Structures are given as C-alpha cells and as structure tokens.
Amino acid sequence: MSTPDEARGPLAPLPEDWTTALAVVAHPDDMEFGAAAAVARWTGQGKRVVYCMVTSGEAGIDGMDPDVARGVREAEQVESARLVGVDEVEFLGLPDGVLEYGVPLRREIARVVRRHRPDVVITGNHRETFPGGMPNQADHMATGRAVLDAVRDAGNRWVFRDQVEVEGIEPWGGVRQVWVAGSPVPTHAVDVSETFDAGVASLRAHQAYLDGLGWQDFDPAAFLASMTGPTGSALGVTHAVAFEVVRMTWD
C-alpha cells in the first residue's frame, strides 16, 4: 500500500491573487520548519502576512524553565518573522503542550480571523502523521483542526456573538482558502527558489530552541532543502514549498 506522500498527484501552482494572509500555528518555529520561505516570497510581493502563535512554545526547551523559555521563544519568533518581512506577530498565550481541540480554541482563533480579515489563512498539519509517517504532535493537530472550524465560525455573527455585540468585532467570511503547511497530502506548491535563503535564516533565528533539541550537527539549510528540493522538482523549479489547499467557499 502506498503512503499519502507516494500517492499524491501533481502539485498545482498556489494562487497568489490575494492581499492579506493570516498564519495561525501552535508554536514559535512551526512556520519556519518549512513555510517561511513562501512567506518571504509573498511579503516581497507587497502582500500583508500576519503571524499568530497559539502558544509561546514555553514547554519546548527541556533545560529551560517555561517562565524563562516563554520570553526567549517569543523574542526568537519576532526576529524570525522580521527576516521574512512579517512585522505583525501575536501570541495568544495558551499553554504549550496541552492544547485541546474544542470550542474555547475555536473562539480564540475566530477572534483573530475577525480582527485581521484575511483572504487566506495558513496553518500547520492537522493530520495524524507528518509526511513520511511519523506521528504528528498533539498541539499541531488541535490547532489545525480548530483553524478550519474557526474560519467558518468567524463568518457567522451568531457564533461567538459576544465578539460582535460586546467587543465590536464584525464577522468575517472572506477567507477563500486555508493552506496547510507540512501536510502529508499536499495539493499545491509555490516556488521559493529566490527566497529559500531567507527561509533558512528565519529557521536559524530559533537558535535557543534548536540548541535545546540537542540534534547533533543539525543544518537548517540541508533540512529545508530535503523538503523544498523534491517539491521543487515536482513543480519544475529549484525549491518549492508544498501546501494542502482546503477550499472554504463553494465557488
């Protein structure tokens, strides 16, 4: 039996007829382990990209107390985002490592979607495995699933109506698609040959986190190229980033 990666068909070019994207992921570094080079391409085109981290990744460094790690990881994420042209970074402050899919998480994400009013939303892999079959991490799955539902919630004024009636945030049903980075079943890809180096620099900016992982001889450039190279070949370019595109409108 083939894996989802082996069974996937040709990758279509990702549409770029949009103005604003909102990236909602579980942790600092989630965008950088694959998608940041694409963000650099889009900000270079003059598009607005906003980052929202559901947690601050405070449980991600074994040798650092979470109260200390929180500040370190937030600072690394802000710098990492800056390197790919993103100057709007939000942290929701939910607890790292124990996120649960459900109404409270949908509520928080719907509020962010309503405030920023994006054309597309980017998130991380919500499926049970990473490409290649390794089990996915619980925070990733909870966040990705909640994003898909929160995008619909954001357009319905009768869902989380306190945000509309008390906070004064208007509903937003203008998200056309959700783009899932790191999915084992990608459908589209974007050429990042010219912005690959920016993506590498963005990942390197998470130095405290990378050091804390204890991976001997980890090379961010080689790691990212191991993904963007084969995807680029499928698209006919040097480097490309793959996404699973989830359509959120009927047309």
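Note that this is a predicted model, so its numbers are computed, not measured. (Residues numbered from 1 in each chain as written. Predicted model: local features only at pLDDT ≥ 70, side-chain atom pairs only at ≥ 80, totals over all residues. Heavy atoms only, no water.)

Our next topic: the pairing of strand 5 (residues 120-124). With 5 of its 5 residues buried, strand 5 lies for the most part within the structure. A two-sided burial pattern is seen for strand 5, the buried positions comprising Val120, Ile122 and Gly124 on one face and Val121 and Thr123 on the other. Bridge count for strand 5 against strand 6 (residues 177-181) is 5 bridges, and the pairing is parallel. What sits directly across from Gly124, in strand 6, is Ala181. (Buried < 20%, exposed > 50% of the residue type's maximum accessible area, 1.4 Å probe, protein only. Helix = DSSP H or I, 4+ residues; strand = E, 2+ residues; numbered from the N terminus. Pairing = 2+ DSSP bridges.)

A few words on the nonpolar core. If you look at the biggest cluster of nonpolar residues, it comprises 29 residues, and the most contacted ones within it are Trp42, Tyr51, Trp179 and Phe243. Put simply, the parts of the chain that give this core at least two residues each are strand 2 (20-25), helix 2 (36-44), strand 3 (48-53), strand 5, strand 6 and strand 8 (240-247). Looking at which element gives the most residues to this core, the answer is helix 2, with 6 residues. Those residues in contact with Phe243 that lie beyond four places of it in its chain are Leu14, Ala35, Ala38, Trp42, Ile122, Trp179, Val180, Ala181, Pro186, Thr187, His188 and Val190. By size, the runner-up hydrophobic cluster in this structure holds 27 residues, among which are Ala26, Val113, Val147 and Phe160. (Core = buried A, V, L, I, M, F, W, Y, C linked by side-chain atoms within 4.5 Å. Contact = heavy atoms within 4.5 Å.)

With that settled, consider the packing of aromatic side chains. For the structure shown, the criterion picks out 10 aromatic pairs. Summarising the aromatic geometry, the rings of Phe33 and Phe223 are spaced 5.5 Å apart at their centres and angled 85° between planes, so their arrangement reads as edge-to-face. Here Phe33 is found in the loop between strand 2 and helix 2, whereas its partner Phe223 is found in helix 9 (residues 220-235), with 190 residues between them in sequence. A network of ring pairs unites the aromatic residues Trp18, Trp42, Trp179 and Phe243 as a single cluster. Sitting over the ring of Trp18, Lys47 keeps its end group 4.8 Å from the ring centre. (Phe/Tyr/Trp six-rings, centres within 6.5 Å; stacked < 30°, edge-to-face > 60°. Lys NZ or Arg CZ within 6 Å of the ring centre and 35° of its normal.)

Right, let's get into the side chain of Asp29. Checked against the element boundaries, Asp29 lands in the loop between strand 2 and helix 2. A residue is classified by how much of its surface remains accessible, and Asp29, at 5% relative accessible area, is buried. A polar contact of 2.5 Å, which involves the side chain of Asp29, links it to the side chain of Arg73. In contact with Asp29, not counting residues within four places along its chain, are Arg73, Gln77, His206 and Tyr209. (Polar contact = N/O pair within 3.5 Å; in protein donor to acceptor, adjacent residues only side chain to side chain.)

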